[in-house]
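What follows is each chain in one-letter form.
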Amino acid sequence: MSNDPTLLNIMARALQSASDEMAANLIRSAFSAVVREARDCSTALLDAQGNVVAQAEMIPMQTAALGASFAAAARQLDLSQVGPDHFIIMNDPYSGGQHLNDIILFTPIFHEGELLGWSGSTAHHLDIGGGAAGVNTGATELIQEGLIIPPLLLERSRDWNGGMAERLIFANVRTPVIGMGDVDAQFAANQTGATRVLDLARRYGAPTVRAAMAGALDYSERRMRAAISDIPDGVWTGESFLDGDGLSEDAKPIRIFVTVTIRGAEAEMDFTGTDPQVRSMFNSPLASSVAGAVTALRSILNDTGMPANDGCNRPLRIVIPEGTLLNPRKGAPVRARATAACRALDAVHDALGKIIRGRVPGQGANSTTGFFLAYAPPQGKMAIHLDVLGGGWGGAKDYDGIHATDHVLSSCRLTPTESIEQLNPHVRIEAFGLIQDSWGEGAFNGGMGIFRRYRILTDDVTLSLYSDRFRLRPQGREGACDGMPAHLEVLRDGETIKLGATSTFPLRKGDVVEIRLPGGGGWGAPHMRDREAVARDLEDGMTSVRAAREIYAFEADAPA
Amino acid sequence: MAGRESAGNRIGVEIGGTFTDMVWADAEGVLHTGKTPSTPKAIHEAVLNIVDEAGIDLAGIEQVTHGSTIATNALIMRKGSATGLLTTAGFRDVVILGRADRDHDIYNMRYVHPKPPIRRGMIREVRERMGPDGSVIEALDLDQAWREVETFLRQGVDGIAISLLHAYANPAHERALAAMIRERAPRVAVFASHEVSPEFREYERSVTTVVNAFVGPAVKAYIDRLDAGLREQGYDGVLRIMQSNGGVMSAHAAGDNAVRMLLSGPAAGVRAAVWLAARNGLNDIITLDMGGTSTDVAIAPGLIASTVTELKIDGLPIRTAVIDMGTIGAGGGSIAAIDRGGFLSVGPESAGALPGPVCYGRGGERPTVTDAQVVAGLLQPDNFFGGRMALAADAAREALAGLGLAGGPEAAADSILRIVNSNMASAVRLISTSRGIDPRDFTIVAFGGGGPLHAAMVARELGIRRVLVPWSPGIASALGLLIADTMIDAAVSDLHALDEGSLDAARIEALSARAAFVAQENGLAQDTYELSVGIDMRYAGQAFELTIWTDTTALDPAALRELFEAEHRSRYGYARAALGVEVVSYRIRIIAHSGIQVETPLPSGTGKAAHPIEIAIDGRRVSGVSLTRDTLLPGQRLAGPAVLGEPTSTTFVPPGWEVECLPSGDLMMVDVE
């Protein structure tokens, strides 16, 4: 039966829906706010060799890299004697991991005594130990960011559920009960995937399942190759910049440089020329950098809907020299790795924007902004409010960017103000909304930036933040304007205190904190924008009369 | 509400995009059916037409129940009333920003969020502020608020939605604002969030309130026209409107609660399936409702359809009780194509009613599921739509050949059907195995035009051995309207740790009092309804709740925790004794049983007797029979492969299955291998 194309088609879809189901369960039962609100998790089914054959649509940062994580683990572990009770757990950024909060769990799938494949899941854990609750913004070594778990092959009955490894790991975590709950949710999600695969094996036989796994990889590879072939052959270079390393206000921008080569159905992205690694947490480990590069390419293809699996990566070659910001040497901190991964994406777009101009959007806010308000009273219960806020996306040909949305590598949702206030007695949100004129005006606008204003209701609150684009604006493309940059200030006793993109700042009762997120860059010259659209934006208060007149050359007395 | 135990004199009318269906119970309780083209320009006229065509004397009818997509269409087309939204100062953009969710197409950098139901220019702020505990942080400034309302009045709004922060915890400001507008601008419809959706999470509450305001006046005007039209014909009974929860509400409540109608059509079908299952002595069912563009599946263990508290329409979250349904874009009109990677795909693109499938000969050129059914021999031209509609089988074959698959049109048809069956089976798994329920001992109840044709093949994939094909499966939704109970759902947000309070006698009393109030609002007298209570619980730290339903027996925290953990284990595969559990909301459900006693006509025994046909299925060609369903009489059996045609549907009995006509006249297909 295994050469029946319809059956392989049906089974490939079944593997896909199994991994979707794994993810749906993980999100709904997880405790980590970042998992449930940001979908900062991933689930996948792998073949017996460790190729990702089906994957849920979670966040590209993780989905594009899970196969590489397994490969790194397989290099360090002897998997020849794996049995049904075994599992692999890891978080080491220098062994295929992302940052330490992301715990990766692989469990084997056995059918009639034979290894048929693996279930895999990653989840961002609330706490992983280290020098500070939330983010240790001052870390200069990986070890200060938390507990490092190299790939370990463990036995569940012996080492977990009260076993030694579980006790050791969670003795080093601030919120052990919740952390164990989240690993339980990962085990349960993996089990769901295994159950579905075994169900397929029972109905159609293990050889057919193997053939379907191989077929799924080939299928995605075909779609990837077809889409790359649509880009003209050639070699282009591109660059992008981070504001700095976050250690000092006047640090100079850090450059990402890439050479993109398209040859037929294959693509190469070579980041040689990128600046060296930094002493702060803005380094990006290999897995995250690769995710940024792969996503950059996939996002501008004429086919963005192909099922994500390791087949998509077959036509790609990615070169990142060791010791650079995008592939630091072992031991460097990486907590804020998303920023550099986002700039890797920007750099690839800068290169491809020179050839497929209509498909590449202006730059979006495209940064992870982690904003913490930690309340630690001398006596009593600690409470941390975490906001991950997005800004405007880049406009593109025939597309106005969306507002206030986390970047493409991630997918953090906005948390309801009512939930935030229920859970955080130290914070009241005074206002939250769009910022007029914050987008990059263009024939197609970028998305708008947003602001949020917090009133601090008690003493003993500390603000910490890591972000980017405080100095360098999201750039417009093809004659469009740049988006407005980010901004953070504290109002205290009638005085305004301006803070930078990487800040730790003690707050007092009565302080008002306002953060503003960037707008996205636009696409095409603003005077080419549809007049009705400008009139509507004016009416809705998105555009000011002045911007309408001066930037769009719009006559306000024209019929609205 | 007199005549509760009456046998008949009731009508159920369902308006669809193409046809309006009616089921009518005469004075003896015997059911009759009617079908007439819908009248999109004056929708309510189809209702009057169908009643007229059937020659029913409306003066003798006690009850008309109506199901309509009017609310849904007004929302999707964004053609509702001119609406303004008043919200708390500083929070104008809540509805514009949404949750910034991105849950599919994750590599797409041209991602588009759902279009807000209201423009930013129609949202105005009022000065006031409540805290999460319901305390007043800033008093409501009524003078400033009135100036904002005056702006709306100048803009000519029909309705104003009010959604203030933390109004679920303390609705005082919303009440004061609503009272002021109702008094000073009585012609404007006012909708307050604490009345429409009194639960926390401001985006979802605001959207629900705005949508209710946006479609409410249109729904009210429509129902008034329908009501007046019926009364002109001498009607003097009760008019009831179907809701998404599978129950009905009185027509006068519909204008204020339009969001309750959004998915009423599929819900009515599920309600019918439950009734049909009960009369055949079945207990655990899965419903499979296949129409022209999509297929809906739902599950009802113990004949109670699971409900959820939120639905999405056009990407907008609407909080209202709705039957938990899985929907896939696979209907008769779904188009089959070869995708970019060389795989065959079916749907979600649909040929719709026009041009429709190739075999309809109305200009359709792309092959559809219906074309595959024709080529496979499952739709017989002489039996389709009671023989009233020709099927161009040759054109269908040609279109399928155009896909270029090895093995020609029959192999292509077989592949399409297998993919559709597999997609349907996946949808059933998502509402059963994914929820910790083993579907194999369930019976599928198949309806809609296409459900009875695919159901047994879907059952085979799932290991299910029985399929019920009820009387007139193509008009099950209209039957659901006729027999539905009155059912009102309401909720109360009340966040607390489970050990700090529970479903004790005091809480039951408070919820019962609330239920009495809601019942009165909906025209239900005391002692005419039953009450169920739902408790939304989660582990402290989680963001999604599970609802545990119970009757009005008091339960202590330990018992509630046990019920929650059992559900958590069944849904998510684990439970953790060390974690705290919290209650988020309480739900109440009021049910007033319709008490209807009706019976469907038995098979007439007339029509085409079984005659041999060829069917291509599972990669081979087999001999089977085709017959008119009405010729199979109660107690008679027939072995598959067989195709049974009737005016609204076609039933397919696969090889290895057998069909029996039950004493009720419904068909039961059974796996006999």
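From a predicted model like this one, the values you see are computed outputs, not experimental measurements. (Residues numbered from 1 in each chain as written. Chains lettered and ligands numbered in written order. Predicted model: local features only at pLDDT ≥ 70, side-chain atom pairs only at ≥ 80, totals over all residues.)

Draft legend 1. Structural detail: the overall build of chain A. Of the regular secondary structure elements, chain A holds 13 helices and 19 strands. Taking 24 Å as the expected radius of gyration for a compact globule of 560 residues, we find that chain A reaches 24 Å, a close match to that expectation. The C-alpha extent of chain A, read off along each of the three principal axes, is 75 × 65 × 40 Å. Looking at chain A as a whole, 62% of its 560 residues qualify as buried. In chain A, of all internal contacts separated by at least 6 residues, the share reaching a separation of at least 24 is 75%. (Helix = DSSP H or I, 4+ residues; strand = E, 2+ residues; numbered from the N terminus. Rg over C-alpha atoms; globule rule 2.2 N^0.38 Å. Buried ≥ 20, exposed ≤ 12 C-beta atoms within 10 Å, placed from the backbone. Contact = placed C-beta atoms within 7 Å.)

Draft legend 2. Highlighting the overall build of chain B. Within chain B one finds 16 helices and 32 strands. Here the C-alpha atoms of chain B give a radius of gyration of 26 Å, agreeing with the 26 Å that 2.2 N^0.38 yields for 673 residues. Counting only C-alpha atoms, chain B reaches 80 × 60 × 50 Å along its principal axes. Partitioning the contacts of chain B with sequence separation of at least 6, the portion at a separation of at least 24 is 67%.

Draft legend 3. Geometry of the interface of chain A and chain B. Opposite the 64 residues of chain A that make contact, chain B presents 53 residues. Breaking the side of chain A that touches chain B down by element, the ones donating at least two residues are helix H1 (5-29), helix H2 (33-38), helix H7 (176-204), helix H8 (206-229), helix H9 (286-299), helix H11 (417-423) and strand E13 (427-434) of chain A. Of the residues forming the side of chain A that touches chain B, the biggest block, nine residues, is contributed by H1 of chain A. Residues of the side of chain A that touches chain B, tallied by class, amount to 26 nonpolar, 21 polar and 17 charged. (Nonpolar A, V, L, I, M, F, W, Y, C, P; charged D, E, K, R; others polar.)

Draft legend 4. Region of the structure containing the UniProt feature "domain: Hydantoinase/oxoprolinase N-terminal" (unreviewed entry) in chain B. In the numbering used here, UniProt assigns the feature "domain: Hydantoinase/oxoprolinase N-terminal" (unreviewed entry) to residues 10-183 of chain B. From the first C-alpha to the last, residues 10-183 of chain B spans 39 Å; its make-up is 26% helix and 26% strand. (UniProt positions renumbered as here; feature names shortened; annotations may be inferred.)

Draft legend 5. Molecular detail of the domain arrangement of chain A. Residues and elements named next belong to chain A. Taken domain by domain, chain A holds domain 1 (5-223) and domain 2 (361-529). Taking only C-alpha atoms into account, the centre of domain 1 sits 32 Å from that of domain 2. Taken together, the contact pairs 12 residues of domain 1 with 17 residues of domain 2. Mapped onto the side of domain 1 that touches domain 2, the elements with two or more residues apiece are H2 and helix H3 (60-63). Per-element tally for the side of domain 1 that touches domain 2: the top contributor is H2, with three residues. Of the residues assigned to the side of domain 1 that touches domain 2, the class counts are seven nonpolar, two polar and three charged. (Domains from an automatic or database assignment.)

Draft legend 6. A look at the pairing of strand E14 (residues 295-300) of chain B. All names here are of chain B. The buried fraction of E14 amounts to six of the six residues, a majority that puts the element mostly inside the structure. On E14, burial covers both faces: Thr295, Val297 and Ile299 on one face and Asp296, Ala298 and Ala300 on the other are all buried. In terms of strand pairing, strand E13 (residues 285-290) meets E14 through six bridges, oriented antiparallel. Along E14, the bridge assignment pairs Leu288 with Val297. (Pairing = 2+ DSSP bridges.)

Draft legend 7. Inspection of the packing of H1 of chain A against helix H12 (residues 408-431) of chain B at higher detail. Between H1 of chain A and H12 of chain B, the shortest axis-to-axis distance is 10 Å and the interhelical angle comes to 20 degrees. Taken together, the axis directions place H1 of chain A and H12 of chain B in an arrangement best described as roughly parallel. Like other packed secondary-structure pairs, H1 of chain A and H12 of chain B cross with a definite hand, here right-handed. Facing Thr6, Asn9, Ile10, Ala14 and Ser17 of chain A of H1 of chain A, the residues of H12 of chain B in contact are Ser415, Arg418, Ile419, Ser422 and Ser426 of chain B. (Axes fitted to C-alpha atoms, helices over the stretch in contact; angles between N-to-C directions. Parallel < 35°, antiparallel > 145°, perpendicular 65-115°, else oblique. Left-handed = near helix turned anticlockwise from the far one by under 90°.)

Draft legend 8. Layout of the packing of helix H1 (residues 44-53) of chain B against helix H7 (residues 202-232) of chain B. All names here are of chain B. Viewed as axis vectors pointing N to C, H1 and H7 meet at an angle of 25 degrees, and their least axial separation amounts to 9 Å. Taken together, the axes of H1 and H7 are roughly parallel relative to one another. Between H1 and H7 lies a crossing whose hand is right-handed. Each of His44, Val47 and Leu48 in H1 lies in contact with H7, whose residues at this interface are Tyr222, Arg225, Leu226 and Gly229. Grouping the amino acids of the contact of H1 with H7 by side-chain chemistry returns four nonpolar, two polar and one charged.

Draft legend 9. Seen up close, the UniProt feature "domain: Acetophenone carboxylase-like C-terminal" (unreviewed entry) in chain B. Residues given the UniProt feature "domain: Acetophenone carboxylase-like C-terminal" (unreviewed entry) here are residues 511-659 of chain B. From the first C-alpha to the last, residues 511-659 of chain B spans 48 Å; its make-up is 18% helix and 40% strand.

Draft legend 10. The nonpolar core, seen in detail. Ala344 and Val348 of chain A together with Ile160 of chain B are the most contacted members of the largest nonpolar core, which has 362 residues in total. When neighbours within four sequence positions are excluded, Val348 of chain A is seen to be in contact with Gly238, Val258, Val260, Met269, Ala293, Ala296 and Leu297 of chain A. If you look at the next biggest cluster of nonpolar residues, it comprises 13 residues, including Phe444, Cys481, Leu538 and Ala548 of chain A. (Core = buried A, V, L, I, M, F, W, Y, C linked by C-beta atoms within 7 Å.)

Draft legend 11. Fine view of unusual backbone geometry. For the bond from Gly347 of chain B to Pro348 of chain B, the omega torsion is 0 degrees, close enough to zero to count as cis. On the secondary structure map, Pro348 of chain B appears in strand E19 (residues 344-350). In this model, Gly640 of chain B is joined to Pro641 of chain B through a cis peptide bond whose omega is 0 degrees. Topologically, Pro641 of chain B is positioned in the loop between strand E28 (637-639) and strand E29 (642-646). Unusually for a residue other than glycine, Glu112 of chain A sits at a positive phi of about 50 degrees. Summarising the element assignment, Glu112 of chain A is placed in the loop between strand E4 (102-111) and strand E5 (114-124). If you check the backbone angles, Asp437 of chain A has positive phi at about 65 degrees while not being a glycine. Residue placement: Asp437 of chain A occurs in the loop between E13 and strand E14 (450-456). On the basis of neighbour count, Asp437 of chain A is assigned to the partly exposed category, with 19 C-beta atoms found within 10 Å.

Draft legend 12. Representation of the environment of Asp105 of chain B. Structurally, Asp105 of chain B can be placed in the loop between helix H3 (94-97) and strand E6 (123-126). The exposure class assigned to Asp105 of chain B is partly exposed, which follows from the 13 C-beta atoms found within 10 Å. If sequence neighbours within four positions are ignored, Asp105 of chain B has contacts with Thr304 and Gly305 of chain A together with Tyr111 of chain B.

Draft legend 13. Seen up close, helix H4 (residues 142-154) of chain B. A rise of 1.5 Å per residue sets the reference length of H4 of chain B, with its 13 residues, at 18 Å; its end C-alpha atoms lie 18 Å apart and thus fit the reference within 8%. The elements touched by buried residues of H4 of chain B are strand E5 (83-88), E6, strand E9 (159-163) and helix H5 (172-184) of chain B. (Expected span 1.5 Å × (residues − 1).)

Draft legend 14. Structural detail: the sheet that holds E14 of chain A. All names here are of chain A. If you trace the five strands from one edge of the open sheet to the other, you get E13-E14-E19-E16-E17, paired in antiparallel fashion. The sheet terminates laterally at E13 and strand E17 (495-499), the two strands that pair on one side only. When strand polarity is set aside, the average angle formed by the axes of neighbouring strands in this sheet is 20 degrees. Summarising the sheet, E13 and E14 pair through seven bridges and their orientation is antiparallel. Residue Arg428 lies in a different strand from E14, and its bridge partner there is Arg455.

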